[in-house]
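Summary of the model geometry
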Amino acid sequence: ANYPFLYFRVQTNNSFDRAIFMDTQWDFMPVGNDDYPLMFVCRTGRGDGIYDVYCQYAGDVPQIVSIDFIDGEGDGE
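Residues numbered from 1 in each chain as written. Predicted model: local features only at pLDDT ≥ 70, side-chain atom pairs only at ≥ 80, totals over all residues. Heavy atoms only, no water.

Thoughts on the environment of Met39
Rules: Numbering of helices and strands runs from the N terminus; a helix is a DSSP stretch of H or I covering at least four residues, while a strand is a stretch of E covering at least two. Should any heavy atoms of two residues lie within 4.5 Å, those residues are counted as being in contact.
Its place among the elements puts Met39 in strand 2 (residues 38-42). Separated by 10 residues in the primary sequence, Met39 and Met29 place their C-alpha atoms 5.5 Å from one another. With residues up to four places along the chain from it excluded, the contact list for Met39 reads Ser15, Asp27, Phe28, Met29, Pro30 and Val31.

Some thoughts on a nonpolar patch on the surface
Definition in use: Each patch is assembled from residues with relative accessible area greater than 30% and no salt bridge, linking like charges that lie within 9 Å and nonpolar side chains (Val, Leu, Ile, Met, Phe, Trp, Tyr) that lie within 5 Å. Computed with a 1.4 Å probe, the accessible areas rest on the Shrake-Rupley method; for each residue, only the protein chains presented here act as cover. Salt bridges are counted wherever a side-chain nitrogen of Lys or Arg sits within 4 Å of a carboxyl oxygen of Asp or Glu.
Together, Leu6, Phe8 and Val10 make up an exposed nonpolar region whose accessible area comes to about 420 Å². Tracing the chain through its elements places Phe8 in the segment before helix 1 (15-20).

Here's the deal with the side chain of Arg18
Just so we agree on the cut-off: When a residue's accessible area, from a 1.4 Å probe over protein chains only, is under 20% of the maximum for its type it is buried; when over 50% it is exposed; and in between it is partly exposed. When charges are tallied, Lys and Arg are placed among the positive residues and Asp and Glu among the negative ones, while His and the ends of the chain are skipped. N or O atoms closer than or at 3.5 Å make up a polar contact, with two conditions inside protein: a donor-capable atom paired with an acceptor-capable one, and, for residues adjacent in sequence, both atoms drawn from side chains.
For Arg18, the location among the structural elements is in helix 1. We note that Arg18 is buried and unpaired, the nearest opposite charge coming from Asp17 at a distance of 7.9 Å. In terms of polar contacts, Arg18 uses its side chain to reach the backbone carbonyl oxygen of Gly32, at 3.3 Å. Contacts of Arg18, omitting those with residues within four sequence positions, involve Asn13, Met29, Pro30, Val31 and Gly32.

Quick look at the structure:
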């Protein structure tokens, strides 16, 4: 047979896939397939984790985003 196996791959447009394959170090990207709401996504360089995110807004527009990548004891969560 010319093709002894079946090659099948599914790639979705979910938030996780878009965040993993983004080309920039950080970005605001849609949570779903619509333009809004947006989520902030960034690379930490520290692997997987959960980090506190703080935003300062002007109306409904985020102006300043702060993320605690290192806790008060000098290590990540």
